[in-house]
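# Coordinate inspection notes
Take a look at the letters that make up each chain.
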Amino acid sequence: MAGKRIDMSVLTQAGHAELDCATDKILRIGIVGLGQASGLVLNWERQDIRTLPIRFTAACDLREDALAQFAKEYDAEVYTDVEAMCRSTNVDAVYISSPHELHLEHTLIAARNGKHVLCEKPLSLSVEEVDAMIAACDKHGVHLIAAHSHAMDAPIRAMREVIASGRLGPVRHINALNYNFFNAQPWPTRELQMWHGDLYNQGPHQMDIIRYLGGGVVKSVRAHTWWDHLRNVEGGYSAYIEFANGAAANALFDWRGYFDSTCYTFNASEGGWAQDPGSGWFLRGNMKKLLAEKSPEDAEAELWKLKNDLRYGGVNENESFQRWGYAPVTPGFEPFAEPVQPFFGLIIVACDRGIIRQSLEGLYIHDDNGVEEVVVTGHSGRAAEFMQVYDAMFNDTPSFHDGRWGKGTVELCQAIEESAREGRPIDLKHQVAVGDEPT
């Protein structure tokens, strides 16, 4: 890699760049479920996404007030039936952000109606259901892309570009560490139980990053989990991961709220905004107080109410945080004027001849010549993923982050759970290579 800037505007392996929305083809997207994920896309990520050659032309939900707001804001079609929306001639692809247990059903509906699919993580909670999703999309000739993944963030893709260039030699070890306050947020207990804490909700982010940087083909995993006695669900995991190419990784993820690893990432959060490292235990204290002062039924009702704040059509993010009592608590903490690069915890990649880690503007590359900071530009997160669908549809460029990749991520999360339960390493068999290794 030459120079001190990596432009990740090139969003796919085939080299499709960002487009002029006024002159190029437009991808028309229908949204299944105007929940929290859709709220992030339509409210807080919208400025980035509005630069893309896509349009939200339809949405399906059961909440009439959210549909009315969407129809007015986007001049779009609205539905309460997924099948009816997928029959619309004004929809090319569907973004599935419904509850996890409905991903299979909604993917099958989209596929048989000839719509490409971008499905939120995890694709499902079982490998067998993902197989059915892949089979349906293959049968009907549509693309299935696994979302949302921080492996698609511009700095992580830039890390992979450095690895693929061969500049530092092969990857030897990846260290991925993340402490956050997921369980201290107002998630209803039923959802936390279904997700096994954060294992199946944000665990796929960390596993995707590790698999992508390590080349994709995980051979085995040995894992340990621990309990969060406040929420009565899993509180975190540690995992030792071995790749078929000889690389290894250590993954640690603790989501109980006792500690926040943004203190290791320049106070930058997974969205690139400044996050007070002291806020986790503060929010955990709020949760402890709520559960202690209310009956189980009343506490659950309050948690559902607070969760609904973040759905599309709910309150804005700042007001939601105020309702939950969030406030900076660390003396001297200063928010950023503008977001920086997104950090999903601390990621350090040790190669044969150097080490790569993130900076606020991109990457630090440590090698025998010293330390070089490389500025990274380009889309991250869902904006990058929508462009993967665009390329798949208009440029016949399949995404590496397809259903089979998503299946490998689900398999790895299941293997972490199984290894921790049985106290032994688990071999994996559904992994796929990234496909860009230097020759």
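Presented here is an overview of the structure given in this document. Here the structure is a predicted model, which means the values were calculated and not measured. (Residues numbered from 1 in each chain as written. Predicted model: local features only at pLDDT ≥ 70, side-chain atom pairs only at ≥ 80, totals over all residues. Heavy atoms only, no water.)

## Let's talk about unusual backbone geometry
The residue after Lys121, namely Pro122, is reached through a cis peptide bond having omega -15°. Inspection of the secondary structure puts Pro122 in the loop between β6 (116-119) and α6 (127-139). Going from Ala147 to His148, the amide bond is cis rather than trans, its omega being -20°. The topology assignment puts His148 in the loop between β7 (144-146) and α7 (154-165). The phi dihedral of Asp75 falls on the positive side, at around 50°, and the residue is not glycine. Structurally, the position occupied by Asp75 is in the loop between α3 (64-74) and β4 (77-79). For Asp75, a relative accessible area of 72% translates into the label exposed. (Helix = DSSP H or I, 4+ residues; strand = E, 2+ residues; numbered from the N terminus. Buried < 20%, exposed > 50% of the residue type's maximum accessible area, 1.4 Å probe, protein only.)

## Here we look at empty space enclosed by the protein
On inspection of all chains with the given rule, the structure shows two cavities of 30 Å³ or more. Taken as a whole, the second largest cavity spans an internal volume of roughly 80 Å³. Lining the second largest cavity are 13 residues, with Lys121, Ala146, Pro204, Asp208 and Thr409 sitting closest to its centre. Where the lining of the second largest cavity is concerned, the elements lending two or more residues are α9 (203-214) and α14 (403-422). For the lining of the second largest cavity, the per-class residue count stands at six nonpolar, five polar and two charged. (1 Å grid on protein atoms, 1.4 Å probe; cavity = no way out; pocket = protein on both sides within 12 Å on 5 of 7 lines; lining within 4 Å. Points joined across faces, edges and corners; volume = space filled by probe spheres on them. Nonpolar A, V, L, I, M, F, W, Y, C, P; charged D, E, K, R; others polar.)

## Some thoughts on the sheet that holds strand β9 (residues 218-228)
Spatially, ten strands are ordered β1-β15-β14-β13-β12-β8-β11-β10-β9-β16 in an open sheet, and the strand pairing comes out mixed. For this open sheet the edge positions go to β1 (5-7) and β16 (426-427), each flanked by a neighbour on one side alone. Looking at chain direction, β9 and strand β10 (residues 233-243) are connected through ten bridges and run antiparallel. Residue pairing in the sheet places His224 in a bridge with Ser238 of β10. (Pairing = 2+ DSSP bridges.)

## Side note on the pairing of strand β15 (residues 370-377)
Bridging between β1 and β15 involves three bridges; their strand directions are parallel. The partner of Ile6 across the bridge, within β15, is Val376. Summarising the sheet, strand β14 (residues 362-367) and β15 pair through six bridges and their orientation is antiparallel. Looking at β15, one finds that His366 is bridged to Val371. Counted along the chain from β14 to the antiparallel partner β15, the turn is two residues long.

## A closer look at the packing of aromatic side chains
For the structure on display, the rule yields 19 aromatic pairs. For the pair Phe56 and Phe386, a centre-to-centre distance of 5.8 Å together with 70° between the ring planes defines the contact as edge-to-face. Here Phe386 lies in helix α13 (residues 381-394) and Phe56 lies in strand β3 (residues 54-60), a separation of 330 residues in the sequence. As far as the burial class goes, Phe56 and Phe386 line up, both buried. (Phe/Tyr/Trp six-rings, centres within 6.5 Å; stacked < 30°, edge-to-face > 60°.)

## Structural notes on the pattern of salt bridges
The full count for this structure, using the stated rule, is 17 salt bridges. Asp131 is the salt-bridge partner of Lys407, the closest N and O atoms lying 2.6 Å from each other. With a gap of 276 residues between them, Lys407 in helix α14 and Asp131 in helix α6 connect regions that are remote in the sequence. Take Asp131: its relative accessible area is 32%, and that puts it in the partly exposed class. (Salt bridge = Lys/Arg side-chain N within 4 Å of Asp/Glu carboxyl O.)

## Re α13
Taking 1.5 Å as the rise per residue, α13 with 14 residues should run 20 Å; its terminal C-alpha atoms sit 20 Å apart, in good agreement. In terms of residue burial, α13 counts as a mostly covered element, since twelve of its 14 residues are buried. The set of residues buried in α13 consists of Gly381, Arg382, Ala383, Ala384, Glu385, Phe386, Met387, Gln388, Val389, Tyr390, Asp391 and Ala392. Positive phi appears at Asp396, one or two residues downstream of α13, with a value of about 50°. (Expected span 1.5 Å × (residues − 1).)

## Structural notes on the packing of α7 against α9
Working note: a packed helix pair is described by the angle between its axes plus the distance between those axes. Where α7 meets α9, the axes come as close as 9 Å, and the angle between the chain directions of the two elements is 20°. Considering their axes alone, α7 and α9 lie roughly parallel with respect to each other. Judged by the twist between their axes, the crossing of α7 over α9 is right-handed. Within the contact between the two elements, α7 uses Ile156, Arg157, Met159, Arg160 and Ile163 and α9 uses Ile209, Tyr212, Leu213 and Gly214. Its residues assigned to classes, the contact of α7 with α9 shows six nonpolar, one polar and two charged. (Axes fitted to C-alpha atoms, helices over the stretch in contact; angles between N-to-C directions. Parallel < 35°, antiparallel > 145°, perpendicular 65-115°, else oblique. Left-handed = near helix turned anticlockwise from the far one by under 90°. Contact = heavy atoms within 4.5 Å.)

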